[in-house]
Amino acid sequence: MATVELRNITKVYEGGVKAVDAANITVADKEFVVLVGPSGCGKSTTLRMIAGLEEITSGELLIDGSAMNDVAPKDRDIAMVFQNYALYPHMTVYENMAFGLKIRKYAKKEIEARVHEAAGILDIEELLDRKPKALSGGQRQRVAVGRAIVRKPKVFLFDEPLSNLDAKLRVQMRAEISSLHSRLQATMIYVTHDQVEAMTMGDRIVVMRDGLIQQIGTPLGLYNQPNNRFVAGFIGSPPMNIMVGTVSEDGGRVVIDEGDFQMQPEPDTADSLRSYVGREVVFGIRPEDLVQEDGPVPVNNITASVEVVEPLGSEIHLYVTTSKHQMIARVPPRKEFQVGDSVHLKVDVSKLHLFDQETEASIVQAATVG
């Protein structure tokens, strides 16, 4: 397998539209890296530049230490799995999987061995004589992955391969692709707009927005230490509750006042906020860090009204409101809630996230680094 390195990669389309802006990413040998972000953030363009399907405007792309900017796609030793499968309808599954090897003039016995090996890995051997129209969406996706596997490339590229599948099949295929990565010990780069896919599949995640890389890190690293407001709100399901409050100081204690409730951050966090006294800050609370109480607690308590109740069996999602903000609380199913109920939620301030209102950067991390 191989490393993939993007050095200040930029893509500018006609009219000056900058789709990717100075991207720096290093994918280690055998690593599974996921590019994630909303539609139009530049993730698929980045993948297509790695594949050679999009010309690089500036910057340098290296695969296994060799510059690839001017190398034709067929000579980059990569294999790509597309969103729409891109299978030839007039060919059988076997012929689809073998086609790339045939045009590269592999021996017939080698082609047969590779196709059957890949079909065995993906459990599609009984489908080899069928044509794509006789396959389900999940089976077509396996064939598309199999066509990539037979190539035994240095790098596998996946461009939103599960987006056409139903919810249950997506979960199954997520597990299968992750298992495939472990089995092949391959270098894989995977693009998705679904942060749940990113969190469950990637060794590391690259979060993109408007052509810019916002943060690169492990799934738990991004979840627990987002470096800006966008990453905090994008990573996590249900999403983080994002609100605004005014910082004040009373008797040496730092307080964040939302209007309907106040919070007293922990000492280390409070020290980072002293320069914000008299100003508004953005703060974030994960749904699981709002603990439902039977009555009001002395500090860090939110009293809110229930607007929507989503019982999910193992947990309940409560959509609640104060006069200024709507929030989601993830609570255990130990009691039933009704729309209009008044609930008391204690904030776990040890998990509080704070962001500068102008720069949207994390206040605590900026203070720690500085």
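For the structure, see preceding data.
Because the structure is a prediction, the values reported are computed rather than measured.

Undergrad: Before we move on, could you go through the overall build of the protein and cite the residues and values that matter?
TA: In terms of helices and strands, the protein carries 10 helices and 20 strands. With respect to the three principal axes, the spread of C-alpha positions in the protein is 80 × 45 × 35 Å. Here the protein holds 370 residues, and the buried ones make up 48% of them. Taking the intrachain contacts of the protein between residues at least 6 apart in sequence as the baseline, contacts between residues at least 24 apart amount to 67%. Looking at the protein as shown, the accessible area adds up to about 17,300 Å², and 47% of this sits on carbon and sulfur atoms. One finds the centroid of the 40 positive side-chain charges in the protein at a distance of 9 Å from the centroid of its 50 negative side-chain charges.

Undergrad: How would you sum up unusual backbone geometry? Please name residues and give values.
TA: It is generally the case that most residues other than glycine have a negative phi and that most peptide bonds are trans. In the segment running from S237 into P238, the intervening peptide bond is cis, with an omega of 0 degrees. With respect to the element layout, P238 can be found in the loop between α8 (229-234) and β11 (241-250). The phi dihedral of Q185 falls on the positive side, at around 50 degrees, and the residue is not glycine. For Q185, the location among the structural elements is in the loop between α5 (167-184) and β8 (187-192).

Undergrad: Residues and numbers for the sheet that holds β11, please.
TA: An order of β13-β12-β11-β14-β20 is seen for the 5 strands of this open sheet, with the pairing classed as antiparallel. In this open sheet, the two edge strands, each paired with only one partner strand, are β13 (262-263) and β20 (353-355). Pairing of strand β12 (residues 253-257) with β13 involves 2 bridges; the strand directions are antiparallel. Across the sheet, residue I256 finds its bridge partner in β13, namely M263.

Undergrad: Account for α5, naming residues and giving values.
TA: With 18 residues, α5 should reach 26 Å at 1.5 Å per residue; the first-to-last C-alpha distance of 26 Å fits that figure. Regarding α5, the residues found buried are L169, M173, R174, I177, L180 and H181. Projection of α5 onto a plane perpendicular to its axis shows the buried side chains occupying an angular sector of 145 degrees, all on one side. Those residues of α5 that are exposed and angled more than 90 degrees off the buried face are K168 and R183. Just downstream of α5, Q185 is the residue with a positive phi angle, here 50 degrees.

Undergrad: Got a sec to walk through the sheet that holds strand β1 (residues 4-12)? Specific residues and values, please.
TA: Strand order in this open sheet of 4 strands is β2-β1-β4-β5, and the pairing throughout is antiparallel. Two strands in the sheet have a free side with no partner beyond their single neighbour: β2 (18-27) and β5 (66-67). Bridge count for β1 against β2 is 6 bridges, and the pairing is antiparallel. Across the sheet, residue V12 finds its bridge partner in β2, namely K18. Across the sheet, helix α1 (residues 43-51) lies against β1, β2 and β4 (58-63), angled at about 115 degrees from β1, the strand it touches most.

Undergrad: Tell me about the pattern of salt bridges, and name the residues and values.
TA: Here the structure, examined in full by the defined rule, presents 20 salt bridges. For the salt bridge of R330 with E288, the shortest nitrogen-to-oxygen distance reads 3.4 Å. With a gap of 42 residues between them, R330 in strand β18 (residues 326-331) and E288 in the loop between β14 (280-285) and β15 (290-293) connect regions that are remote in the sequence. A network of salt bridges, in which partner residues are shared, links E5, R7 and E60.

Undergrad: Would you mind going over the pairing of strand β3 (residues 32-36) in detail, with residue names and values included?
TA: Counting buried positions along β3 yields 5 of 5 residues, so the element is predominantly enclosed. Side chains F32, V34 and V36 project from β3 onto one buried face, and the interleaved V33 and L35 project onto a second face that is buried too. The sheet contact formed by β3 and β8 spans 5 bridges and is parallel. The partner of V34 across the bridge, within β8, is Y190. Relative to strand β9 (residues 204-209), β3 is paired through 4 bridges, and the arrangement is parallel. Bridge pairing links V34 to I205 in β9.

Undergrad: For the packing of aromatic side chains, give the residues involved together with the corresponding values.
TA: Per the counting criterion, the structure on display carries 5 aromatic pairs. Between Y88 and F99, the aromatic rings sit 5.0 Å apart at their centres with planes inclined by 65 degrees, giving edge-to-face as the arrangement. Pair noted here: Y88 is in the loop between β6 (78-81) and α2 (93-103) and F99 is in helix α2, with a separation of 11 residues, a long-range link. By relative accessible area, which is 33% here, Y88 ends up partly exposed. Here F158 and Y190 contribute two aromatic rings whose centre-to-centre distance is 5.7 Å and whose plane-to-plane angle is 35 degrees, an arrangement assigned as tilted.

Undergrad: How would you sum up the environment of K154? Please name residues and give values.
TA: Within the fold, K154 resides in the loop between α4 (137-149) and β7 (155-159). With 151 residues separating them in the primary sequence, K154 and T3 have C-alpha atoms 8.5 Å apart. Side-chain polar atoms of K154 contact the side chain of D64, separated by 3.3 Å.

Rules behind the numbers
Residues numbered from 1 in each chain as written. Predicted model: local features only at pLDDT ≥ 70, side-chain atom pairs only at ≥ 80, totals over all residues. Heavy atoms only, no water. Helix = DSSP H or I, 4+ residues; strand = E, 2+ residues; numbered from the N terminus. Buried < 20%, exposed > 50% of the residue type's maximum accessible area, 1.4 Å probe, protein only. Contact = heavy atoms within 4.5 Å. Areas by Shrake-Rupley, 256 points an atom, 1.4 Å probe, with all protein chains shown as cover. Lys, Arg positive; Asp, Glu negative; His and termini not counted. Charge placed at Lys NZ, Arg CZ, Asp CG, Glu CD. Pairing = 2+ DSSP bridges. Expected span 1.5 Å × (residues − 1). Arc of directions from axis to C-beta. Axes fitted to C-alpha atoms, helices over the stretch in contact; angles between N-to-C directions. Salt bridge = Lys/Arg side-chain N within 4 Å of Asp/Glu carboxyl O. Phe/Tyr/Trp six-rings, centres within 6.5 Å; stacked < 30°, edge-to-face > 60°. Polar contact = N/O pair within 3.5 Å; in protein donor to acceptor, adjacent residues only side chain to side chain.

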